[in-house]
Amino acid sequence: MVELADINRPFILASCSPRRREILSLMGINFQSVDPEVADENSYIDPNDLDNSLCRLAIAKAESIAKKQPGALVLGADTVVVKSARVMGKPSSRDEAAEMLRLLSGTDHTVITAAALLCEEVNFCESAVSHTAVKFRNLSEDEINAYLSLPEYKDKAGSYAIQGRAMTFVDRIEGCYYNVVGLPVTATLSLLKQFVRKEYS
């Protein structure tokens, strides 16, 4: 576990996501959570260069906080679900959510999260991308409609929460479970260790 107690810097999560807050708390990190100020997040996403464009979005989220608090260590992140050539963020409506779940039913898809760690004061900016393969079992229309009667799909990439009721949809995963929840643990630890090496080298 990376210990941040001796870094002597405030740590800020550039997100108000309860899932990301919970993951950081479980990692033993003391932090505050601030909603990033990034306009038109979808404009950052380039399906032809998905990993790099997600990193740019994660960096933009962190920068929106770091510019105001240059001495802080700021973590930004963004998650999408990819099925074939379609990139799925959060659904804009119940109908779109139903369409996403029908597309994911009985098939494999990939959950991609980019994480970025910034500290303006020491000119530190690093990012990392994690991929997790997820396989859904076949879902009936009744199951989809029952799930969409719950609010949990509304702010989730791909319209599902693996840590919630949608756990029953998942046949198997390959990769980091917490990446699907919203923040890859190993990649985040790697970024923190890079910062520690720079700060104390």
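Structure shown above.
Residues numbered from 1 in each chain as written. Predicted model: local features only at pLDDT ≥ 70, side-chain atom pairs only at ≥ 80, totals over all residues. Heavy atoms only, no water.

Digging into the side chain of Ser 64
Here is step 1: Along the chain, Ser 64 turns up in helix 2 (residues 50-66).
Here is step 2: Engagement of the side chain of Ser 64 in a polar contact is seen with the backbone nitrogen of Glu 37, the distance being 3.1 Å.
Here is step 3: Setting aside its immediate chain neighbours within four residues, Ser 64 contacts Pro 36, Glu 37 and Val 38. (Helix = DSSP H or I, 4+ residues; strand = E, 2+ residues; numbered from the N terminus. Polar contact = N/O pair within 3.5 Å; in protein donor to acceptor, adjacent residues only side chain to side chain. Contact = heavy atoms within 4.5 Å.)

Some thoughts on helix 2
Here is step 1: The terminal C-alpha atoms of helix 2 lie 24 Å apart, and with 17 residues this matches the ideal 24 Å at 1.5 Å per residue to within 8%.
Here is step 2: Across the 17 residues of helix 2, 13 count as buried, placing the element largely inside the fold. (Expected span 1.5 Å × (residues − 1). Buried < 20%, exposed > 50% of the residue type's maximum accessible area, 1.4 Å probe, protein only.)

Topic: the packing of aromatic side chains
Here is step 1: This structure, assessed with the given rule, holds five aromatic pairs.
Here is step 2: When the ring of Phe 136 is compared with that of Phe 169, the centres are 5.8 Å apart and the planes differ by 70 degrees; the resulting orientation is edge-to-face. Remark: Phe 169 occurs in the loop between helix 4 (141-148) and strand 7 (170-174) and Phe 136 occurs in strand 6 (residues 124-136); sequence separation between them is 33 residues. For the pair Phe 136 and Phe 169, one class covers both residues: buried. (Phe/Tyr/Trp six-rings, centres within 6.5 Å; stacked < 30°, edge-to-face > 60°.)

Remarks on a nonpolar patch on the surface
Here is step 1: Side chains of Leu 26, Ile 173, Tyr 177 and Tyr 178 sit close together on the surface and give an oily, nonpolar patch of about 350 Å² of accessible area.
Here is step 2: The topology assignment puts Ile 173 in strand 7. (Patch = residues over 30% accessible without salt bridge, like charges linked within 9 Å, V, L, I, M, F, W, Y side chains within 5 Å. Areas by Shrake-Rupley, 256 points an atom, 1.4 Å probe, with all protein chains shown as cover. Salt bridge = Lys/Arg side-chain N within 4 Å of Asp/Glu carboxyl O.)

Some remarks on the pattern of salt bridges
Here is step 1: Counting across every chain of the model gives 13 salt bridges.
Here is step 2: A salt bridge links Glu 41 to Lys 61; the nearest nitrogen and oxygen atoms lie 3.7 Å apart. Placement of the pair is Glu 41 in the loop between strand 2 (32-33) and helix 2 and Lys 61 in helix 2, with a sequence separation of 20 residues.
Here is step 3: Given a relative accessible area of 6%, Lys 61 falls into the buried group.
Here is step 4: In this structure, Arg 137 engages Glu 143 in a salt bridge whose closest nitrogen and oxygen atoms are separated by 2.7 Å.
Here is step 5: One salt-bridge network, in which partners are shared between bridges, spans Arg 19, Asp 155 and Lys 156.

Remarks on the nonpolar core
Here is step 1: One finds Leu 117, Tyr 147 and Tyr 160 to be the most contacted residues of the largest nonpolar core, which totals 40 residues.
Here is step 2: With sequence-adjacent residues up to four places away left out, Tyr 160 is seen in contact with Val 81, Leu 101, Leu 104, His 109, Val 111, Val 134, Phe 136, Tyr 147, Ala 166 and Val 180.
Here is step 3: Judged by nonpolar contacts, the second largest core, of 22 residues, contains Ile 45, Cys 55, Val 80 and Leu 118. (Core = buried A, V, L, I, M, F, W, Y, C linked by side-chain atoms within 4.5 Å.)

Overview of helix 4
Here is step 1: Within helix 4 the residues assigned to the buried category are Ile 144, Tyr 147 and Leu 148. Relative to the axis of helix 4, the buried residues are bounded by an arc of 95 degrees and lie together on one face.
Here is step 2: Summarising the contacts, the buried residues of helix 4 are in contact with helix 3 (94-104). (Arc of directions from axis to C-beta.)

Description of the packing of helix 3 against helix 4
Here is step 1: At a closest axis distance of 10 Å, the pairing of helix 3 and helix 4 adopts a crossing angle of 140 degrees. As judged from the angle between their axes, helix 3 and helix 4 are oblique. The two elements helix 3 and helix 4 cross, and the hand of that crossing is right-handed. Residues Arg 94, Ala 97, Ala 98, Leu 101 and Arg 102 of helix 3 lie in contact with helix 4, whose contacting residues are Glu 141, Ile 144, Asn 145, Tyr 147 and Leu 148.
Here is step 2: For the contact of helix 3 with helix 4, the per-class residue count stands at six nonpolar, one polar and three charged. (Axes fitted to C-alpha atoms, helices over the stretch in contact; angles between N-to-C directions. Parallel < 35°, antiparallel > 145°, perpendicular 65-115°, else oblique. Left-handed = near helix turned anticlockwise from the far one by under 90°. Nonpolar A, V, L, I, M, F, W, Y, C, P; charged D, E, K, R; others polar.)

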